[in-house]
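Observations on the model geometry
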Amino acid sequence: MIAVSIAAGSLIIFADRSQAADRDGGAQLAAMCASCHRLDGGDGGIPTILGMSPEMLTRAMLAYRSRERPSHIMRAIALSLSDEEIATVARYLAALNRQVRP
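Throughout what follows, the structure given in this document is the object of discussion. (Residues numbered from 1 in each chain as written. Predicted model: local features only at pLDDT ≥ 70, side-chain atom pairs only at ≥ 80, totals over all residues. Heavy atoms only, no water.)

As for the overall build of the chain
Our working rule: Helix numbering and strand numbering both begin at the N terminus, where a helix is a DSSP run of H or I of at least 4 residues and a strand a DSSP run of E of at least 2. Partly exposed describes any residue whose relative accessible area lies between the buried limit of under 20% and the exposed limit of over 50%, with all areas from a 1.4 Å probe on protein chains only and scaled to the type maximum. Pairs of residues are marked as contacts when any of their non-hydrogen atoms sit within 4.5 Å. A 1.4 Å probe and the Shrake-Rupley method give the accessible areas. Residues count as covered only by the protein chains that appear here.
Secondary structure summary: the chain contains four helices and zero strands in total. Helices and strands in the chain line up, N terminus first, as α-α-α-α. For the chain, with 102 residues in total, the buried portion stands at 30%. Counting contacts in the chain only where the partners sit at least 6 residues apart, residues at least 24 apart contribute 54% of the total. Just so you have it, the chain exposes about 6900 Å², and 61% of that area is on carbon and sulfur atoms.

Here is the structure:
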C-alpha cells in the first residue's frame, strides 16, 4: 500500500513538472506567434489562433510545413519548429485560450 502511494505521488510530481515545463516552453514558443496573432483573444486582421484545439493547430502547422497550406511565413515558422515544439505551443495556446475567455 505504501509503495502504491509513493508511486502515485511520484507520478503526480512528474506530471506537475512536465506540465510546468510544457507551459514554460509553450510560452517561449508562443512569443513568436504573438508578433502576428494577437494572444489576447482579439482579431487585428490576422486570424486568432486562440480558439483552435491543439490537434487542429498541430495539423495546420504540419500542413504549412508540407506546403499543403500555402504561406511563406507560416511555412518558415513551421520548418523552424520540431513536431514536439509544435505540439507544445498548440497545447499552451489551447490552455491560454481557457484563461483569456471566461
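A closer look at helix H3 (residues 72-80)
To keep things clear, this is the line we draw: Read the arc as the range of directions from the helix axis to the C-beta atoms.
Residues of H3 that are buried include every one of Met74, Ile77 and Ala78, and no others. Buried residues of H3 fall within an arc of 100° about the axis and therefore sit on the same side.

Let's talk about helix H2 (residues 54-65)
Keep this limit in mind: Expected span of a helix, by definition, is 1.5 Å for each gap between consecutive residues, and there is one gap fewer than residues.
Spanning 12 residues, H2 covers 16 Å between terminal C-alpha atoms, matching the ideal 16 Å at 1.5 Å per step. Where H2 is concerned, the buried positions are Leu57, Thr58, Ala60, Met61, Ala63 and Tyr64.

Here we look at the environment of Leu57
In this fold, Leu57 is placed in helix H2. Setting aside anything within four residues of it in sequence, one finds Leu57 in contact with Ile49, Met52, Ala90 and Leu93.

Digging into the environment of Ala34
With respect to the helices and strands, Ala34 occurs in helix H1 (residues 2-34). Note on Ala34: relative accessible area 38%, which makes it partly exposed. Separated by 15 residues in the primary sequence, Ala34 and Ile49 place their C-alpha atoms 9.7 Å from one another.

What about the environment of Leu96?
With respect to the helices, strands and loops of the structure, Leu96 is situated in helix H4 (residues 83-100). Each C-alpha atom of the pair Leu96 and Leu50 lies 7.3 Å from the other, and the pair is 46 residues apart in sequence. Excluding its chain neighbours within four sequence positions, the residues that come into contact with Leu96 are Leu39 and Leu50.

So, the pattern of salt bridges
For clarity, the cut-off: A pairing counts as a salt bridge when a side-chain nitrogen of Lys or Arg comes within 4 Å of a carboxyl oxygen of Asp or Glu.
This structure, assessed with the given rule, holds two salt bridges. In this structure, the salt-bridge partner of Arg65 is Asp83, at a minimum N-O distance of 2.6 Å. Of this pair, Arg65 sits in helix H2 while Asp83 sits in helix H4, and the two are 18 residues apart along the sequence. With a closest N to O distance of 3.1 Å, Arg91 and Glu84 form a salt bridge.

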